[in-house]
Each structure stands twice: as structure tokens, then as C-alpha cells.
Amino acid sequence: MPIEILPGLRIEEDELKVTYILASGPGGQNVNKVATAAQLRFDAARSPALSDRIRTRLIELAGSRATQNGEIIITGRRFRTQQRNREDVIERLAELIRKAAHRPTFRVATRPGRAARQRRLDGKSHRAGIKHNRKVRLDD
């Protein structure tokens, strides 16, 4: 069953490899016996569902979670059960892909106008005058 990331962007479940490892954290004595932490591996570099723009941004956003060959590894150990940790890592991957798919708005750098610069300088000289008048004057 495909995982819906965005309208028109789906990832097939067979592209995700989820393994279970021993985890620290909640679980009491059960932590030492049952592998409840989920480790998700997603090969972003070779995924047919991703466009080139999303792929490069995803690997960039993943940072240290991405390997040299473009595989993203996410580990989840927040919950006590394998199922909840599995859902958690899949949702975290989906959120990361949503962030990568979001196109940042282009910002045009602007400079303050002449009037704004003058107001700034007037404010600075006004404060300087106030501080100058605070000085103790010793009249002879």
C-alpha cells in the first residue's frame, strides 16, 4: 500500500526497509529482551517517486541521517512497541520529504530608503544628546 506524502507524491512500501533493534528508553525490563526500536532505510538516490529537485533537497535536509550513497536512515525509539515506532519513523520520513518538496520563496534583498536612514540617524543623535545631558558638570 503506497504512503501518501503529498497529493501526487506517493512512496511504495517496498521502497522502505524497516528493521528492529534493541532500544534504550521506555519499556522496563522488556528493553533488554525485545527489539522495539525501528530503523528505517530509504534509498532516496534511487527512488523513482522523487523528482531530482526533491531528491537533492531531501539528502541535503537529512544531513547526518543520509549516507554517502544517498540512503536515509531514521531510527525511532520513542515508544514501547514496534508498531508505534514503525509508524513514527515513517511519519518522520514523510515530514522530511514534505519539507524537501516545499519550494522556498525567492527573497529579493532590499535596502532601507533614504527617509528610513535619516530617521535612524536622528534617533541616534537624539539618544546621544540625552546621554550627553546626563553628565555631571562641575561649574567653578
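My aim in this report is to walk through the structure given alongside it, one point at a time. (Residues numbered from 1 in each chain as written. Predicted model: local features only at pLDDT ≥ 70, side-chain atom pairs only at ≥ 80, totals over all residues. Heavy atoms only, no water.)

## Brief notes about the sheet that holds strand E3 (residues 16-21)
Consider a sheet: its strands pair through backbone hydrogen bonds, and that pairing is either parallel or antiparallel. Taken in spatial order, the 3 strands line up as E3-E4-E5 in an open sheet, and their pairing is antiparallel. Every interior strand has two partners, whereas the edge strands, E3 and strand E5 (71-76), have only one. Going across the sheet, the axis of each strand differs from the next one's by a mean of 20°, ignoring polarity. Bridge count between strand E4 (residues 37-43) and E5: 6 bridges; the pairing is antiparallel. (Pairing = 2+ DSSP bridges. Helix = DSSP H or I, 4+ residues; strand = E, 2+ residues; numbered from the N terminus. Axes fitted to C-alpha atoms, helices over the stretch in contact; angles between N-to-C directions.)

## Re the pattern of salt bridges
Under the defined criterion, the tally for this structure stands at 9 salt bridges. Residues Glu 71 and Arg 41 are paired through a salt bridge, measuring 3.1 Å at the closest nitrogen-oxygen approach. Of this pair, Glu 71 sits in strand E5 while Arg 41 sits in strand E4, and the two are 30 residues apart along the sequence. Overall, Glu 71 belongs to the buried group, its relative accessible area being 16%. With a relative accessible area of 28%, Arg 41 lands in the partly exposed category. For Arg 46, the salt bridge is made with Asp 43, and the minimal N-O distance between the two is 3.3 Å. Looking at Arg 46, the relative accessible area reads 55%, which means it is exposed. Through salt bridges with shared partners, one network takes in Arg 78, Asp 88 and Arg 92. (Salt bridge = Lys/Arg side-chain N within 4 Å of Asp/Glu carboxyl O. Buried < 20%, exposed > 50% of the residue type's maximum accessible area, 1.4 Å probe, protein only.)

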